[in-house]
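Listed below are the residues making up each chain.
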Amino acid sequence: MIPGSFDYHAPGTLKEAIDLLGKHPDDAKVLSGGQSLLPLLKLRLGSAGHLVDIGKIPGLEYIKEEGGFLKIGGRTREAAVEHSDLVRKKYPLLADTTEVIADPLVRNLATVGGNLAHGDPANDHPATMLAYGAEVVATGPKGARTIPIDKFFTGLFETALAPDEILTEIRIPTPPPKSGGAYVKLERKVGDFATAAAAAQITLAANGTIEKVGIGLTNAGPTPIKATAAEQSLKGKKPDADAIAAASKLAAQATSPSADRRGSVEYKKEMARVLTARALAKAVARAQGA
Ligand SMILES: Cc1cc2nc3c(=O)[nH]c(=O)nc-3n(C[C@H](O)[C@H](O)[C@H](O)COP(=O)(O)OP(=O)(O)OC[C@H]3O[C@@H](n4cnc5c(N)ncnc54)[C@H](O)[C@@H]3O)c2cc1C
């Protein structure tokens, strides 16, 4: 299908882009990699009078460690994350996640910022960022503000970004020693959205118990889910099979998936439990080897 007509803008600075968004608050959309937005427009599931392409704005594509965070520029592509030695070495949860997003063609264009800003509970990065306890930087007419990721996803395809704000950076706290993370996804075929998926990030104390834990769930409800009761249940515990089994049950209880072609509600809840257990076990093994 052919999308409805729109004006295309390609500003060269962040300020110009924000001004354009401010001028058309009701019908302007940021265009980043276009891998979610363009299909929506083509299928006429969405419309926009103005597309503000942020691809020509310099300085929005980077991956670097600074001030205790891994900082990812808002327009950094999945392929850059996938091929980053730093990410592979120190952020295995993020590396796991990027590798299972779509296919190489999509990953060459799709951006991490777009993956989060889209607010799709089926996207993979939201759960991972919830598990990491990340934050995002939103830049608008009044400057930049930081939004904790657990306050970012406000509804189905809705986020805390104002219409004239651009997601300019993602900040993942650099994990201390004895940390590990993993993302485990069930998909019908390679490149598909998740039937269900779980992200786990763990830090062990000197005595081997769990000091810090984050768990995020993909496609398990109308918004990405942070499994807080499951996290609480693990704190201070030895990371053994019983603790993981109990936490995984709590994670499944926190889900409210819908039935669709990927499975029934019961099946998806059960998959959330199984995948949480697998992600936790892998995260623990990685933390123990760290
Ligand atoms: C075939 C296919 C398979 C896919 N499979 C997966 C998958 O398995 N897992 C997965 O997670 N995703 C998957 N996706 C979705 C896609 O990877 C993400 O949604 C994509 O990364 C979005 O990023 P983008 O840069 O392409 O955003 P765009 O499509 O350009 O934008 C998406 C939305 O976010 C807004 N936006 C984008 N960037 C910003 C910004 N910096 N600031 C403010 N708003 C912004 C746009 O206005 C728009 O509303 C798939 C897509 C395709 C086409």
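This report concerns the structure included in the present document. Please read all numbers here as calculations on a predicted model, not as lab measurements.

A closer look at the sheet that holds strand S1 (residues 7-9)
Here comes step 1: Strand order in the open sheet made by the three strands is S1-S3-S2, with parallel pairing throughout. Where the open sheet ends on each side, the last strands, each with one partner, are S1 and strand S2 (28-31). With direction set aside, neighbouring strand axes in the sheet form an average angle of 25°.
Here comes step 2: As paired strands, S2 and strand S3 (residues 50-53) are joined by four bridges and run parallel to one another.

Description of the sheet that holds strand S6 (residues 135-140)
Here comes step 1: Ordered by their spatial adjacency, five strands build an open sheet running S4-S5-S10-S6-S7, and the pairing between neighbours is antiparallel. Where the open sheet ends on each side, the last strands, each with one partner, are strand S4 (63-66) and strand S7 (143-148). The mean inter-strand angle of the sheet, taken between neighbouring strand axes irrespective of direction, is 25°.
Here comes step 2: Relative to S7, S6 runs antiparallel, the two sharing six bridges. Paired with Val137 across the bridge in S7 is Thr146.

A word on the nonpolar core
Here comes step 1: Counting 30 residues, the largest nonpolar core has Leu94, Leu116, Met129, Val136, Phe152, Ile170 and Ile172 as its most contacted members.
Here comes step 2: Put simply, the parts of the chain that give this core at least two residues each are strand S5 (69-73), helix H5 (92-99), helix H7 (112-117), helix H8 (125-132), S6, strand S10 (166-173) and strand S12 (194-204).
Here comes step 3: In this structure, Ile170 is in contact with Leu70, Lys71, Ile72, Val112, Gly113, Leu116, Met129, Glu135 and Val136, ignoring residues within four places of it in sequence.
Here comes step 4: With 27 residues, the next largest nonpolar core counts Val184, Val213, Ala230 and Val284 among its residues.

Rules used in this analysis
- Residues numbered from 1 in each chain as written.
- Predicted model: local features only at pLDDT ≥ 70, side-chain atom pairs only at ≥ 80, totals over all residues.
- Heavy atoms only, no water.
- Pairing = 2+ DSSP bridges.
- Helix = DSSP H or I, 4+ residues; strand = E, 2+ residues; numbered from the N terminus.
- Axes fitted to C-alpha atoms, helices over the stretch in contact; angles between N-to-C directions.
- Core = buried A, V, L, I, M, F, W, Y, C linked by side-chain atoms within 4.5 Å.
- Buried < 20%, exposed > 50% of the residue type's maximum accessible area, 1.4 Å probe, protein only.
- Contact = heavy atoms within 4.5 Å.

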